[in-house]
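# An overview of the molecular structure
Chain by chain, the residues:
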Amino acid sequence: CLSSEAVVRLNTSELPATSNIPPSILEKTKEKLHLLPNHPLHILKTLIEKSIEEMHPREFSFYDDLPQLVSTKDCFDDLLVELNHPSRRYTDTYYWDEKHVLRTHMTAHDTTLLRAGKRAFLLTGDVYRRDSIDKSHYPVFHQVDAVRIFDRNTSQNEDKIIADLKSTLEKLAKNLFQSDMEIRWVDGEFPFTYPSFEMEVLWNGSWLELLGCGLLKRGVLDAGQVDKDSKGWAFGLGLERLAMVLFDIPDIRLFWSKDERFLRQFRDGEITKFKPYSKYPSCYKDITFWLSEKFHENAFYELVRSIAGDTVEQVTLLDEFHRNNKTSHCYRIVYRSMDRSLTNDEVDEIQDKIREEVARRLQVTLR
Ligand code: PHE
């Protein structure tokens, strides 16, 4: 059985009182955009699976519907993520209860699959992080992760495994970009791999960070009950950033659009350029308040997102100042819909609601 004790209780039971998952985020767990035929994220997922299968025929198992709720052991402990690592904080991660989170990365499934005896696999799914709001950040996004374990004969030579990792990923990048891209490797740092690398590709004159990878640390392999003589590589890549570049998609909210003018532009198996159907006007409103003990930026962003939904394009801290031990923040909220023109009244109403809720829930003092 592949699921841990944290089998999806997402749809079946009530949210524990200590949870920091808002209903708007819980709703997103049903969408599974990477499974929608002809959706850009599905197109990329399929192309990646196909490339890996072609490079290593009949070796990999593919998963795209593993449960989003995982234990903190799966997500952090087994992967050697230190106790004080930022990703474990309540302000950065969605906790179901003290021991279960909405996965923050697909790597969370690695040790469970290794314990189940899998030695090569590729996983696609939605991951969750509390974060700021702008054109390329959304609290839900999608990742592809993979692991390949080598037996004792190959494992005696780490350089060989690193060479296999890098050539696999270079071929994958070439397949996706459909050309001989300029690629460079830079050193990376992840709690679960050593050595670690990041692959960057040269795109329109600037280097784009595409993925993280490395050799799985012995401690992770132990947690996965992989025998002492075996070693292996792992990689993880974010689909949205890649899709925005390959399909020319200018805003990360578009992936969630139900508008046919977006969805009908794409076909499975093809990477084509998005033709913007129009850009609706934006407007902004500022909000200023004295902070409270309870205030945290990510909680504020999330509150804005949960009230304004996808009509909010960006939230930026415009100004901060201190007086008598108190701190004041001024934020600019930029509103723009992807699908239609917003009316003034409707934006005013959203802004009023945000003011009300921020004061009530985060106990700030409005100015
Ligand atoms: N899990 C990492 C992330 O979310 C990516 C990664 C996966 C890096 C596997 C190394 C190995 O950024």
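Residues numbered from 1 in each chain as written. Predicted model: local features only at pLDDT ≥ 70, side-chain atom pairs only at ≥ 80, totals over all residues. Heavy atoms only, no water.

For the chain, an unreviewed UniProt entry supplies the name phenylalanine--tRNA ligase and the organism Galdieria yellowstonensis. Of the comments in the UniProt record for the chain, the one headed Sequence similarities (unreviewed entry) reads "Belongs to the class-II aminoacyl-tRNA synthetase family." The Subcellular location (unreviewed entry) field of the UniProt record for the chain holds the comment "Mitochondrion matrix". (UniProt positions renumbered as here; feature names shortened; annotations may be inferred.)

### Section: the UniProt feature "domain: FDX-ACB" (unreviewed entry) in the chain
With numbering aligned to this structure, UniProt lists the feature "domain: FDX-ACB" (unreviewed entry) at residues 278-367. As a span, residues 278-367 carries 33% helix and 36% strand, and end to end its C-alpha atoms are 36 Å apart. (Helix = DSSP H or I, 4+ residues; strand = E, 2+ residues; numbered from the N terminus.)

### What about the site of the ligand?
Near the ligand lie 13 residues; those nearest to it are His105, Thr107, Arg129, Gln143 and Gly236. In this structure, Thr107 approaches the ligand through a side-chain N or O atom, which is 2.8 Å from a nitrogen atom. Starting from 330 Å² of accessible surface for the ligand in isolation, the protein chains cover 89%. With respect to the detected pockets, the ligand is housed in the largest pocket. Contributing elements (two or more residues each) for the shell around the ligand: β6 (140-150), β9 (206-216) and β10 (231-238). At 3 residues, β10 tops the list of elements feeding residues into the shell around the ligand. Residue classes in the shell around the ligand are distributed as 5 nonpolar, 6 polar and 2 charged. (Near = heavy atom within 4 Å. Polar contact = N/O pair within 3.5 Å; in protein donor to acceptor, adjacent residues only side chain to side chain. Areas by Shrake-Rupley, 256 points an atom, 1.4 Å probe, with all protein chains shown as cover. 1 Å grid on protein atoms, 1.4 Å probe; cavity = no way out; pocket = protein on both sides within 12 Å on 5 of 7 lines; lining within 4 Å. Sits in = over half its atoms within 2 Å of the grid points. Nonpolar A, V, L, I, M, F, W, Y, C, P; charged D, E, K, R; others polar.)

### Focus on empty space enclosed by the protein
Using the criterion set out here, one finds 1 cavity of 30 Å³ or more in the structure. Tyr94, Arg130, Asp131, Ser132, Ile133, Pro139, Asn298, Tyr301, Glu302 and Arg305 are the residues that line the largest cavity. Its residues assigned to classes, the lining of the largest cavity shows 4 nonpolar, 2 polar and 4 charged. (Points joined across faces, edges and corners; volume = space filled by probe spheres on them.)

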